[in-house]
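Next come the chains, spelled out residue by residue.
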Amino acid sequence: MQLERNWKPYAKGPALLVLAVVLLFSPELLALMNQEFTFGNWVGYAGAVLALIGGLGAVRESREEFAVGIGEQGITWTKGAATTEFGWSEVTRVAIEKRPNAGKLEKPSMLTVWVADQTQRAVPPDVELTGLRGYRVADLRNTRQSRDEVAAALRQYGGDRYPAPAA
């Protein structure tokens, strides 16, 4: 199974850039309507700068190479220019976990690969626990494949490395 991005990561950057342009010209637009910002025009300019920074970051992130494959040999992950392969023999556990600082009601969406070896990989681990390294390879909220489809592929290929969710 090859994971593919959905439309959300591609839309976020341009939307923030449009917001930056609107906020940049908002003092003039409000002046045309005989209105103004309560705290002064600087509010629109400050908001424009923040939206511009966020928009450029989101566009850069959406242009990075993204490839995650789940197959008989293991999990292949491409982040930027680096491709990392996790063979099933190296993988201790694969989990779909909650994002860091996620709310109580948010469903788990981070596909995380846990390995026990201390091999240096092209990408540093996202989480290090005693004896384990965790790599967050994909946020399933931004993929075309559903969480259930990914879970089925992990059960099929990963076997006991993907524990059944608690009922």
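If you're wondering where the values come from, they're calculated on a predicted model, not measured in any experiment.

Sheet strands pair via backbone hydrogen bonds, and the direction of the pair is either parallel or antiparallel. The strand order across the open sheet built from 4 strands is 1-2-3-4, with neighbouring strands paired in antiparallel fashion. The sheet is open, and its two borders are formed by strand 1 (2–3) and strand 4 (82–87), each paired with just one other strand. Pairing between strand 1 and strand 2 (residues 66–70): 2 bridges, direction antiparallel. Following the sheet pairing, glutamine 2 is matched in strand 2 by glycine 69. Sitting on the sheet, helix 4 (residues 147–158) touches strand 1, strand 2 and strand 3 (74–79), and the angle it makes with strand 2 is about 45°.

Another aspect to go through is helix 1 (residues 8–24). Its 17 residues give helix 1 an end-to-end C-alpha distance of 24 Å, which sits within 8% of 24 Å, the value for a rise of 1.5 Å per residue. The set of residues buried in helix 1 consists of Pro9, Gly13 and Ala20. Seen end-on, helix 1 carries its buried residues on one side only, within an arc spanning 55°. Packed against the buried residues of helix 1 are helix 3 (42–63).

For helix 3, with 22 residues, the first-to-last C-alpha span of 32 Å sits near the 32 Å given by 1.5 Å per residue. Among the residues making up helix 3, those that are buried are Gly44, Gly47, Ala48, Ala51, Gly55, Ala58 and Ser62. Along the axis of helix 3, the buried positions cluster into a sector of 105°, meaning they face one direction only. Structural note: helix 3 exposes Trp42, Leu50, Ile53, Arg60 and Glu61 on the side pointing more than 90 degrees away from its buried face. On its buried face, helix 3 is in contact with helix 1 and helix 2 (26–32).

With that settled, consider the sheet that holds strand 8 (residues 132–139). The 4 strands are arranged 5-6-8-7 in an open sheet whose pairing can be described as antiparallel. Looking at the sheet topology across the chains shown, the edges are occupied by strand 5 (91–97) and strand 7 (127–129). With strand direction ignored, the average angle separating the axes of adjacent strands in the sheet is 25°. Here 3 bridges tie strand 7 to strand 8, and the two strands are oriented antiparallel to one another.

Scoring rules and cut-offs
- Residues numbered from 1 in each chain as written.
- Predicted model: local features only at pLDDT ≥ 70, side-chain atom pairs only at ≥ 80, totals over all residues.
- Heavy atoms only, no water.
- Pairing = 2+ DSSP bridges.
- Helix = DSSP H or I, 4+ residues; strand = E, 2+ residues; numbered from the N terminus.
- Contact = heavy atoms within 4.5 Å.
- Axes fitted to C-alpha atoms, helices over the stretch in contact; angles between N-to-C directions.
- Expected span 1.5 Å × (residues − 1).
- Buried < 20%, exposed > 50% of the residue type's maximum accessible area, 1.4 Å probe, protein only.
- Arc of directions from axis to C-beta.

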